[in-house]
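Fold and contact review
What follows is each chain in one-letter form.
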Amino acid sequence: MVPTPDIVLTQLRKGVVEYCVLACLRSGPAYGLELADRLGSDSSLLTSEGTLYPLLSRVRQQGWVTTTQVPSAVGPPRRYYEITDEGRAALETFLATWSRFTTDVRTTLES
Amino acid sequence: MTITPELPPLVEAYLADLDRALAGTDPRERADTVAAVREHAVESLARHGRNDDGARRVLGELGPVEHIAAEATPAPVAAPAAPAGKVEPTDVVLAALAVLLWPLAPVFLVWATVRLRAGVGNRALQWVTIALSAVTVVAGVVLVVTHLLSRAA
């Protein structure tokens, strides 16, 4: 069976997108919609904006982000997500590994 | 006090669908996700308008609830209880002998313990044998000590 681009993307996202979320939070805390904007609405990182939220819940349970409720002018308080020291350390580890991995993948694919 | 604005019926129906689609996923993740998607919808409606067109656009960006549920972690499966084990004649005979041949209680105590630790036979019967044998052994020791003390006096 030849996989569709969607199937390939689904596989590639696993274990990667949570680190992209952490990377988006390095510049400062963000609420959900803001974070979705930072990730890019047309980007291939998320299937759709809603798929961001189970992932955010998981990284919060892992202790990589914390949440704070901040009053909002447009409705109920906003849930701001902020990266923790443990999240930064996890991101650093991922970056070092990712760099080597992508180099090896590119070298192999282009050989 | 937090005032949650009323959402268009289309969005409320979507959130109810999402909650149902998340059945069978990690309960904490399910609650977090529904609450966060609700907040997202409120923010996004403020951006696109709270009319039907705005609601459709917001839901289109959030994507099908099935896609969101597919990203959620399945609920942890409870560990199955240890099986009671098959009733074997040895277990029944051991339990009966522990009562009838009480002078041999230490033998039955050791035998039932070995079978229990090996995971063979019926655990409940083995525990009955162990309990009966232990009571007999303890009672025997008490009787012997009492007898020796009375002779020494």
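Procedures and definitions
Residues numbered from 1 in each chain as written. Chains lettered and ligands numbered in written order. Predicted model: local features only at pLDDT ≥ 70, side-chain atom pairs only at ≥ 80, totals over all residues. Heavy atoms only, no water. Helix = DSSP H or I, 4+ residues; strand = E, 2+ residues; numbered from the N terminus. Buried < 20%, exposed > 50% of the residue type's maximum accessible area, 1.4 Å probe, protein only. Contact = heavy atoms within 4.5 Å. Areas by Shrake-Rupley, 256 points an atom, 1.4 Å probe, with all protein chains shown as cover. Lys, Arg positive; Asp, Glu negative; His and termini not counted. Charge placed at Lys NZ, Arg CZ, Asp CG, Glu CD. Rg over C-alpha atoms; globule rule 2.2 N^0.38 Å. Phe/Tyr/Trp six-rings, centres within 6.5 Å; stacked < 30°, edge-to-face > 60°. UniProt positions renumbered as here; feature names shortened; annotations may be inferred. Expected span 1.5 Å × (residues − 1). Domains from an automatic or database assignment. Pairing = 2+ DSSP bridges. Axes fitted to C-alpha atoms, helices over the stretch in contact; angles between N-to-C directions.

**Here we look at the overall build of chain A**
A tally of regular secondary structure across chain A gives five helices and three strands. Starting at the N terminus, the α and β elements of chain A follow one another as α-α-β-α-α-β-β-α. Projected onto its principal axes, the C-alpha positions of chain A cover 55 × 30 × 20 Å. Counting over 111 residues, chain A shows a buried share of 40%. Across chain A, the fraction of contacts at a sequence separation of at least 24, relative to all contacts at a separation of at least 6, is 47%. Accessible surface for chain A amounts to roughly 6,400 Å². Of this, 56% is attributable to carbon and sulfur atoms. The centroid of the 11 positive side-chain charges in chain A is displaced by 3 Å from the centroid of its 12 negative side-chain charges.

**Comments concerning the overall build of chain B**
Of regular secondary structure, chain B possesses seven helices and zero strands. Shown N-terminal to C-terminal, the secondary structure of chain B runs as helices and strands in the order α-α-α-α-α-α-α. Relative to the compact-globule value of 15 Å for 153 residues, chain B shows a C-alpha radius of gyration of 33 Å, a clear excess of over 25%. Each principal axis of the C-alpha atoms in chain B carries an extent, and together these give about 100 × 40 × 20 Å. By residue count, 31% of the 153 residues in chain B fall in the buried class.

**What about the packing of aromatic side chains?**
Residues and elements named next belong to chain A. Under the counting rule described, the total for this entry stands at five aromatic pairs over all chains. Arranged with centres 5.6 Å apart and planes meeting at 40 degrees, the rings of tyrosine 19 and tryptophan 64 form a pair that is tilted. One end of the pair, tyrosine 19, is in helix α2 (residues 17–25); the other, tryptophan 64, is in the loop between α4 (52–61) and β2 (65–70), and 45 residues separate them in sequence. Tryptophan 64 shares its class with tyrosine 19; the two are buried. Judged by centre distance (4.1 Å) and plane angle (5 degrees), the rings of tyrosine 19 and phenylalanine 94 are stacked. Pair noted here: tyrosine 19 is in helix α2 and phenylalanine 94 is in helix α5 (residues 85–110), with a separation of 75 residues, a long-range link. Across the pair, phenylalanine 94 and tyrosine 19 agree in class, each one buried.

**Describing the UniProt feature "transmembrane region" (unreviewed entry) in chain B**
Under the feature "transmembrane region" (unreviewed entry), the UniProt entry names residues 92–112 and 124–149 of chain B. In residues 92–112 of chain B, the share of helix is 81% and the share of strand is 0%. The end C-alpha atoms are 11 Å apart.

**Some details on the UniProt feature "domain: Transcription regulator PadR N-terminal" (unreviewed entry) in chain A**
The positions that UniProt labels "domain: Transcription regulator PadR N-terminal" (unreviewed entry) are, in the present scheme, residues 21–92 of chain A. Across residues 21–92 of chain A, helical content stands at 43% and strand content at 19%; the span's end C-alpha atoms are separated by 13 Å.

**Here's the deal with helix α2 (residues 27–48) of chain B**
With 22 residues, α2(B) ought to run about 32 Å at 1.5 Å a step, and its terminal C-alpha atoms sit 31 Å apart, in line with that. Looking one or two residues past α2(B), Gly49(B) carries a phi angle of roughly 105 degrees, positive in sign.

**Digging into the environment of Arg50(B)**
All names here are of chain B. Mapped onto the elements of the fold, arginine 50 is located in the loop between α2 and α3 (52–62). Residue class for arginine 50 comes out partly exposed when judged on its relative accessible area of 42%. Residues arginine 50 and glutamate 6, 44 residues apart in the sequence, show an inter-C-alpha distance of 10.0 Å.

**Overview of the domain arrangement of chain B**
If you check the domain split of chain B, you get domain 1 (9–71) and domain 2 (89–152). Averaged C-alpha coordinates put domain 1 of chain B and domain 2 of chain B at centres separated by 63 Å.

**As for the sheet that holds strand β3 (residues 78–83) of chain A**
Residue and element names in this part refer to chain A. Reading across the sheet, the three strands line up as β1-β3-β2 and stay open at both edges, with antiparallel pairing between neighbours. Both outer strands of the open sheet, β1 (30–31) and β2, are each paired with one neighbouring strand and no more. Bridging between β2 and β3 involves six bridges; their strand directions are antiparallel. Bridged to valine 70 within β3 is arginine 78. Helix-sheet contacts for α2 involve β1, β2 and β3, and the interaxial angle to β3 is about 95 degrees. Strand contacts of α4: β2 and β3, with the helix running at about 110 degrees to β2, the strand carrying the most contacts.

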